[in-house]
Amino acid sequence: MPPDLPTDVAVAPEVIAVVAGAPSRRTFGVGAWLAVGWLVLVIGLALLAPLLPIPKPSEIIDHGALRDAKPSLSHLLGGDDNSYDLFSRIVWGARNSLAVGFFAVAIGGTVGGFLGLIAGYYRGRIETLITAVLDIMLAFPALVLALALTTFLGHSLFYVSLALGIISTPILARITRANTLTWSQREFVTAARAQGAKNRRIIVREVLPNVVPAMASIALLAVAVVIVAEAGLSLLGAGLKVDVPSWGNIITFGRSGLTNGQAPHIVFSGSGAIFFTVLSLNYLGDVVRARFDVKEGALT
Amino acid sequence: MSRSARSSFAAIVVGLALVAAACGGGSGSSSAGGTSPNGSKGEGPPQSGGSITYGLGAESSNGFCLSGANLSPEGIQVAESIYDTLTVPNEKGDYVPYLAKSVAPSSDYKEWVITLRPGVLFHDGTPFDAAAVKLNLDAYRHGLLIQFAFANIADTTVVDPMTVKVTMKVPWVAFPAYLYFTGRIGMMAPAQINDKANCATKMIGTGPFTLKDWVVNDHLTVLKNQKYWRPGLPYLDQITFRPVVDPSQRTNGLKGGQLNIIHTDSALQIKDLRDAAAHGQLTIFENQKGAEVSYNMMNVSHAPFDDITARQAVILATDRVELNNIVNGGVNTIADQPFAPDVVGYVPDPGYPKFDLAAAKVKADAYKAKHGGQFNVEVETTIDPENAREAQLLKSQWAKAGINATIKQVDEATLISDAIGGGYQMNLWRNHQGSDPDTQWVWWHGGSAINFQRFKDPAVDQIFDIGRSDIDPAKRKTDYDGLSKALNAGAYDIWKWYALWAIASQTNVHGITGPDLPDGGGKQGLLASVHPMVGLWVSK
Amino acid sequence: MGALIGKKVVQLAAVLLVVTFFSFLLIHLLPGDPAATIIPLGTDAQRTQLRKDVGLDKPLVSQYTRWLGKFVRGDFGRYYRQFGGEPVRKRLSQALPVSLQLLVYAEVLALVIAIPLGILAAYRAGTWVDRFLSTGAFASLAIPDFVLALVLIFYLGVKLKWFPVLGYVHFGQSPTEHFKSMFLPAFSLALAQAAVYMRLLRSDMIATLQEDYILMARSQGLPTWRILLRHALRPSSFSLLTVAGISVGTLIGGAIVIEAIFTLPGVGLTIFQAISERQYIAVQACVAVIGCGYVVVNFVVDLLYTALDPRVRHAA
């Protein structure tokens, strides 16, 4: 890969790199508050889903085909193809889609972060080895890798998250390594070393806190990519199981309602939820980078 | 500036056009896809020539070595173009000779003599003769599933080049129906049967069309058989069958003009197509005669459904009206038995219980009390989105009765394999196309190896044994009246509804019901999904 | 330079080995006996044949070398159908050109949309035009390609009948119909990509426009379009083209879903159909082919980059 391009992080979610790559001047303004507001709302609804005064996601709320029903106060978004309450599906879907998103990125962040820190801090052979492993992981287009894994492993929440976690690992590993490289050269690190501090202590106390903002900015984008990927897998029949509400499953099952024009609100609700969430995550990713001055060069 | 500004302006205009189009949606405008709004009536004399693309819901990727094939309704549709059967049903539901000149029993129905129509050629130019028919029947007697249907055949012999004699183990009245067997028993050329390696893909029949090429999962093209034994037929020069698995994309392809005719069993699509037909955009032909029944079949050799209490509980807990309203938009007709109203064996009251949640709870609790407080059910279905929806809804309904269901999605081959092997508890199934009830012997008789539900019910067996050899046609019509009741008493199945098939086409496609039969007596009787290809034509 | 290329070729070979090994391993991730899973409806003889074809009884490493040996010779195994089954290679050789066309069209379409808009946004940086375009691009990034595809199918395909909603027309059969049949799938893939490119070009171009030689050209009174296209675009498009090369991975992933939606007979549809028919040998082959193809594309992009950019050449 070309070494000094932002796209070096370009990973699978190659888009991430580029989204991240464009220089950002975003400050924490109205847009960021809107983004935070949306995410708080969605996460809050997802967490509180069992307590909310809404029908259960697999509770048939009408004996007829409710997808023809208009939205009302009791059913904010109307019904879906299965006469389930669409709002409830979106809320419970958020639980699963976000769970996959965050769980996958948590896997990616933990494994990738660990590898990145080790590689960036110790350098030498171990760095060469880790970089080689990451290159291999990037050798498959992300969705193809995820599709292959869920096809052969299975479609439980765990496996889907694992598959998508694996594709986000190299992204986060690379950004961590790049930033670790930079921070490891700083005076306070060399000073700590000179005082005989243990490597593990230096990594955890001195390097990691400084690397976190960069990781966070990319992690936000990665969550967005994973959420979209989950939906893509669903459409291919390789995502979460059909009876697990997720935004991807809402789109998959609402598909015919859109393409025959009879019930477009199902797909629009599911993809609207994805759209605003991805938009917010992308935006916040930009803001974090601008705020902590995560430079493109640092992404090498 | 000017150049880049103009091109970006153009791009913005495209963007705006999109938005405008989005706003203009939903107005039900009738942008006519054809010329004559009422194309189904007054079609006029058939015109020769032309070619069409036929959108099907599934690919028959296992091929067309018919004796060993397990064809889906879509596969049968393709087979209709390449092969002919010895008999076909007429509009009254009787089986009449088609490729055969006559099919006649001995007085005790232990021997059947098949006489052939002279001058018929296979696509490879070889004659259609008694040796070929014997070869075919013997192949069917060893076929994957059909061997069980033909188990009653003791022997086949060539009497002379145009005559075959079939000897039965026990008297068999319904044999002509088996020679059609929902259109599966096409006559293959010896060259196809003997070419074991390519039998599935190099199709050679006597039918109205010959195979041109087949790329699995992409298209299968057939060309007009210039030497077809029925003079003046077929009309079309070419048919291209194209698998389009997603039901809504199939409808879209028809509306968008990429497909000329489609085949669908999706009630929601049928509703949509009916609307479009009412606006004159296309024509739709629906058939519920001899319909298959959609049902959940239970495996009685396996917990929990080895216990009749469990079976009764799920039957009582299933609100089929609600299910039909949601899954099918209320389009389909609820079934209380496997037989459609026009089929022998149908009875007005087969004793199927009504939906009763309270009673279901009682049964479910009784089951739980006996089995450690647990009542878990695994429902197996295909990856088809509409089946998946149905399974979800069943799960929702049963949850109200305290029954905990999980959904297992598999591909169709695995579903069938699990049914054969017995490795399932319950599955979503569709079968039992209307015909002579004796053709259902294989599915429910205790002596059949492909009684997938694995019950041995003396009441059921007795009905089948009497019916099979009852040579009194009048009495035979009532022999099966107790069958549905017996099945319902055993609580083996959750009957849901009769399958509804629609064939929708652009308004210039005609002749879906086919021409008159060669020996007169009206047209071929259309059962369930199958319709003949020989009569299709397009107006210019 | 020669040494650098040599090193890269060695790297390429190593990566290809691991990619193929991973693809090979997929079959072993299947729970239970792969032969029974792949052939649920069939005879023991067929399952034995599959075990023999794959060499399931042999140690893993020799299974892999056997598989790899066949793979490099273009023997990708076959479909396991009730009776025989066609070679995967036959299907892939028909599917690959379709997918490649889709990828190229999507890429070209993305550039065609992005370049003028990127230039415009940079030229009008800070004005409402820029804000409109940049916001639009940022929003487009959040629209999943498959949602766009479904919307386009309904409005442009079913309602307006401007474009076919499914299928593929060969270029030789009818060039117009060919492009029409590819437009919706390609556009669905291209939009988000165009947004990425536009943002990138815009920021690079803004930087370029600050350069002295541009200011000089302006002061000489050269027409604006000439400055933008002749003097500013070329130096600004370097990272754009690199990113375009790298985004092939995103496009490949997206193309699988898009091909499945449009019944476009490419590799994506092949893999989708193979999954739904449990043709895992075919899935494995497709994954391996896509993986290797992608690695090679990256390699070529990398080489081109090395050849084009003096900084990299010297750095190495």
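If you're wondering where the values come from, they're calculated on a predicted model, not measured in any experiment. (Residues numbered from 1 in each chain as written. Chains lettered and ligands numbered in written order. Predicted model: local features only at pLDDT ≥ 70, side-chain atom pairs only at ≥ 80, totals over all residues. Heavy atoms only, no water.)

Caption draft 1: Structural view of the sheet that holds strand 1 (residues 51–56) of chain B. Residues and elements named next belong to chain B. The strand order across the open sheet formed by seven strands is 8-9-10-1-11-18-12, and the pairing between neighbours is mixed. Looking at strand neighbours, the two that pair on one side only are strand 8 (209–215) and strand 12 (283–287), the edges of this open sheet. Across the sheet, the mean angle separating the axes of adjacent strands is 20° when strand polarity is ignored. As paired elements, strand 8 and strand 9 (residues 219–224) share six bridges and run antiparallel to each other. If you follow Asp 213 over to strand 9, its bridge partner there is Thr 221. On top of the sheet, helix 2 (residues 73–82) reaches strand 1, strand 8, strand 9, strand 10 (238–243), strand 11 (261–264) and strand 18 (501–505); it is set at about 155° to strand 1, its chief contact. Relative to strand 12, helix 8 (residues 267–278) is tilted by about 135°, and along the sheet it contacts strand 11, strand 12 and strand 18. (Pairing = 2+ DSSP bridges. Helix = DSSP H or I, 4+ residues; strand = E, 2+ residues; numbered from the N terminus. Axes fitted to C-alpha atoms, helices over the stretch in contact; angles between N-to-C directions. Contact = heavy atoms within 4.5 Å.)

Caption draft 2: Representation of the interface of chain B and chain C within the structure. Across the contact, 43 residues belong to chain B and 38 residues belong to chain C. Summed over both partners, the interface of chain B with chain C buries about 3700 Å², with 62% contributed by carbon and sulfur atoms. At the boundary of chain B with chain C, the tally comes to zero salt bridges. Inspection of the chain B/chain C interface yields eight residue pairs in polar contact (both at pLDDT 80 or more). When residues of the side of chain B that touches chain C are traced back to their parent elements, those giving at least two are helix 1 (2–23), strand 10, helix 7 (247–256) and helix 13 (412–421) of chain B. (Buried area = accessible area lost by both parts, 1.4 Å probe. Salt bridge = Lys/Arg side-chain N within 4 Å of Asp/Glu carboxyl O. Polar contact = N/O pair within 3.5 Å; in protein donor to acceptor, adjacent residues only side chain to side chain.)

Caption draft 3: Spatial organisation of the sheet that holds strand 13 (residues 293–298) of chain B. All names here are of chain B. Taken in spatial order, the five strands make up an open sheet running 15-14-16-13-17, and their pairing is mixed. This sheet does not close on itself; its edge strands, each paired only once, are strand 15 (404–410) and strand 17 (493–498). Averaged over all adjacent pairs, the angle separating strand axes in this sheet is 25°, with direction ignored. In this structure, strand 14 (residues 376–382) lies alongside strand 15, joined through seven bridges in parallel fashion. The residue bridging Glu 378 from the neighbouring strand is Thr 406, located in strand 15.

Caption draft 4: Here's a closer look at the packing of aromatic side chains. Residues and elements named next belong to chain B. For the coordinates displayed, the defined rule picks out 42 aromatic pairs over all chains. On the basis of an interplanar angle of 35° and a centroid distance of 5.6 Å, the ring pair of Tyr 54 and Phe 241 is categorised as tilted. Here Phe 241 lies in strand 10 and Tyr 54 lies in strand 1, a separation of 187 residues in the sequence. By relative accessible area, Phe 241 is classed as buried at 2%. When the centroid spacing of 6.2 Å and the interplanar angle of 65° are considered together, the rings of Phe 464 and Tyr 480 count as edge-to-face. Residue Phe 464 is found in helix 15 (residues 458–469), and its partner Tyr 480 is found in the loop between helix 16 (473–479) and helix 17 (483–490); the two are separated by 16 residues along the sequence. A relative accessible area of 0% places Phe 464 in the buried class. A network of ring pairs unites the aromatic residues Tyr 109, Trp 112, Tyr 140, Phe 150, Trp 172, Phe 175, Tyr 178 and Phe 181 as a single cluster. Across from the ring centre of Trp 441, 4.8 Å away, lies the NZ or CZ of Arg 468, which sits over that ring. (Phe/Tyr/Trp six-rings, centres within 6.5 Å; stacked < 30°, edge-to-face > 60°. Buried < 20%, exposed > 50% of the residue type's maximum accessible area, 1.4 Å probe, protein only. Lys NZ or Arg CZ within 6 Å of the ring centre and 35° of its normal.)

Caption draft 5: View of the nonpolar core. Within the largest apolar cluster, 192 residues are counted, with the highest numbers of intra-cluster contacts made by Leu164(A), Trp247(A), Ile38(C), Tyr197(C) and Ile261(C). In terms of residues, this core owes the most to one element, helix 8 (residues 199–235) of chain A, which gives 18 residues. Contact partners of Tyr197(C), with chain neighbours within four places excluded, come to Glu107(C), Ala110(C), Leu111(C), Ala114(C), Leu240(C), Val243(C), Ala244(C) and Ser247(C). Ala79(B), Val88(B), Leu137(B) and Tyr367(B) belong to the second largest nonpolar core, which has 143 residues in total. (Core = buried A, V, L, I, M, F, W, Y, C linked by side-chain atoms within 4.5 Å.)

Caption draft 6: Fine view of the confidence of the model for chain C. Residue and element names in this part refer to chain C. Per-chain confidence: chain C averages 87 in pLDDT, with 97% of residues scoring 70 or above. Within chain C, helix 5 (residues 88–123) carries the highest mean pLDDT (92), whereas helix 15 (residues 310–315) carries the lowest (50). Interface confidence for the predicted complex, expressed as ipTM, amounts to 0.87; the pTM equals 0.86. (pLDDT = per-residue confidence, 0-100.)

Caption draft 7: Region of interest: the interface of chain A and chain C. Contact with chain A, which involves 49 residues of that partner, is made by 56 residues of chain C. Summing the contributions of chain A and of chain C, the shared interface buries around 4700 Å²; its carbon and sulfur component is 81%. Arg199(C) is the partner of Asp286(A) in a salt bridge, and the nearest nitrogen-oxygen pair spans 3.8 Å. Taken together, the connections running from chain A to chain C amount to zero residue pairs in polar contact (both at pLDDT 80 or more). For the side of chain A that touches chain C, the secondary structure elements donating two or more residues are helix 1 (14–21), helix 5 (142–153), helix 8, helix 9 (247–259) and helix 10 (264–291) of chain A.

Caption draft 8: Highlighting the pattern of salt bridges. Evaluated as defined, the whole model comprises 29 salt bridges over all chains. Close ionic contact of Asp265(B) with Arg430(B) constitutes a salt bridge, the shortest N to O distance being 2.4 Å. Linking Asp265(B) in the loop between strand 11 and helix 8 with Arg430(B) in strand 16 (residues 426–431), this pair joins segments that are 165 residues apart in sequence. Looking at Asp265(B), the relative accessible area reads 29%, which means it is partly exposed. Note that Arg51(C) and Asp33(C) form a salt bridge whose closest N and O atoms lie 2.6 Å from each other.

Caption draft 9: Inspection of unusual backbone geometry at higher detail. Residues and elements named next belong to chain B. Of note, the amide linkage connecting Leu 233 to Pro 234 takes the cis form, showing an omega dihedral of -10°. Relative to the helices and strands, Pro 234 is located in the loop between strand 9 and strand 10. In this model, Ala 303 is joined to Pro 304 through a cis peptide bond whose omega is 0°. Within the secondary structure layout, Pro 304 lies in the loop between strand 13 and helix 9 (308–317). Backbone geometry at Arg 454 places phi at a positive 65°, although glycine is not the residue there. Inspection of the secondary structure puts Arg 454 in the loop between helix 14 (441–444) and helix 15. By relative accessible area, Arg 454 is classed as partly exposed at 28%.

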